[in-house]
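Residue strings, one per chain:
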Amino acid sequence: MIAQDERKSMRRAHSIGPQMIRYLEEIGIERLSELRGADPHEIAMRIDIALGRKHINSLGVAALRNLIELANEQP
């Protein structure tokens, strides 16, 4: 489960909302730091697999890219 302070940090990324955070939780990502250096397309694919259908579109990938950029900026 993603801690409240992590949720708050993740929400600072453009286009990241509660639903995307739930998707990340679904695939086992609980900390922003776990996204450092990640590929947004790979994360989107993992979410799609977890949901059992194609769900993350290009806007979702862009949101994930924003989140990964935020993770990469963290010390």
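Structural data are supplied above this passage.
As the structure is a prediction and not an experimental result, all values here were calculated from the model.

Please give an account of helix α3 (residues 40-51) that cites residues and values.
The end-to-end C-alpha separation of α3 is 16 Å, in line with the 16 Å expected for twelve residues at 1.5 Å each. Residues of α3 that are buried include every one of P40, I43, A44, I47 and D48, and no others. Taken around the axis of α3, the buried residues stretch over an arc of 140°, which confines them to a single face. In the core, the buried residues of α3 are packed alongside α2 (18-26) and α4 (58-73). The N-cap residue of α3 is D39: its side-chain oxygen and the backbone nitrogen of H41 are 2.8 Å apart.

A description of the nonpolar core should follow, citing residues and the corresponding values.
Residues L24 and I47 are the most contacted members of the largest nonpolar core, which totals 23 residues. In terms of residues, this core owes the most to one element, α4, which gives seven residues. Setting aside chain neighbours within four positions, we find L24 in contact with M10, I29, I43, I47, L64 and L67.

An account of the side chain of D48 is requested, with residue identities and associated values reported.
In this structure, D48 sits in helix α3. Given the relative accessible area of 9%, D48 is considered buried. For D48, the side chain forms a polar contact with the side chain of K54, separated by 3.4 Å.

Can you tell me about the packing of α3 against α4, naming the residues and giving the values?
When two helices pack together, you describe them by how their axes are tilted relative to each other and by the distance separating the axes. Between α3 and α4, whose axes approach to 9 Å, the crossing angle comes to 120°. Put simply, α3 runs oblique to α4. The interaxial crossing formed by α3 with α4 has right-handed handedness. Where α3 approaches α4, its residues P40, H41, I43, A44 and I47 are matched on the opposing element by V61, L64, R65 and I68. Partitioned by chemical class, the residues of the contact of α3 with α4 number seven nonpolar, one polar and one charged.

Scoring rules and cut-offs
- Each chain carries its own residue numbering, running from 1 in the written order of its sequence.
- Selection of residues for local features in this predicted model requires a pLDDT of at least 70, selection of side-chain atom pairs for listing and counting requires 80 or more, and totals for whole chains, interfaces and linings are taken over all residues.
- Heavy atoms from the whole structure form the basis of all side-chain values; hydrogens and water molecules are not counted.
- Secondary structure is summarised from DSSP: a helix means a run of H or I of at least four residues, a strand means a run of E of at least two, and numbering begins at the N terminus for each.
- For a helix, the expected span equals 1.5 Å multiplied by the residue count minus one.
- Per-residue accessibility, obtained with a 1.4 Å probe over protein chains only, is compared with the maximum for each type, and a residue is labelled buried under 20%, exposed over 50%, and partly exposed between these values.
- This arc is taken over the directions from the axis of the helix to the C-beta atoms.
- Whether two residues are in contact is decided by their heavy atoms: any pair within 4.5 Å suffices.
- As used in this structure description, the phrase polar contact means that two N or O atoms lie within 3.5 Å; if the pair is within protein, one of them must be able to donate a hydrogen and the other to accept it, and residues adjacent in sequence are counted only when both atoms belong to side chains.
- The set of buried Ala, Val, Leu, Ile, Met, Phe, Trp, Tyr and Cys residues whose side-chain atoms join them within 4.5 Å is what this entry labels a nonpolar core.
- Every axis in this analysis is a line fitted to C-alpha atoms, fitted for helices over the stretch in contact. Angles between the N-to-C directions lie between 0 and 180 degrees.
- Just so you know how the angles are binned, under 35 degrees is roughly parallel, over 145 roughly antiparallel, 65 to 115 roughly perpendicular, and the rest oblique.
- A crossing counts as left-handed when the near helix is turned anticlockwise from the far one by less than a right angle, and as right-handed when that turn is clockwise.
- When residues are grouped by polarity, Ala, Val, Leu, Ile, Met, Phe, Trp, Tyr, Cys and Pro land in nonpolar, Asp, Glu, Lys and Arg in charged, and all others, Gly among them, in polar.

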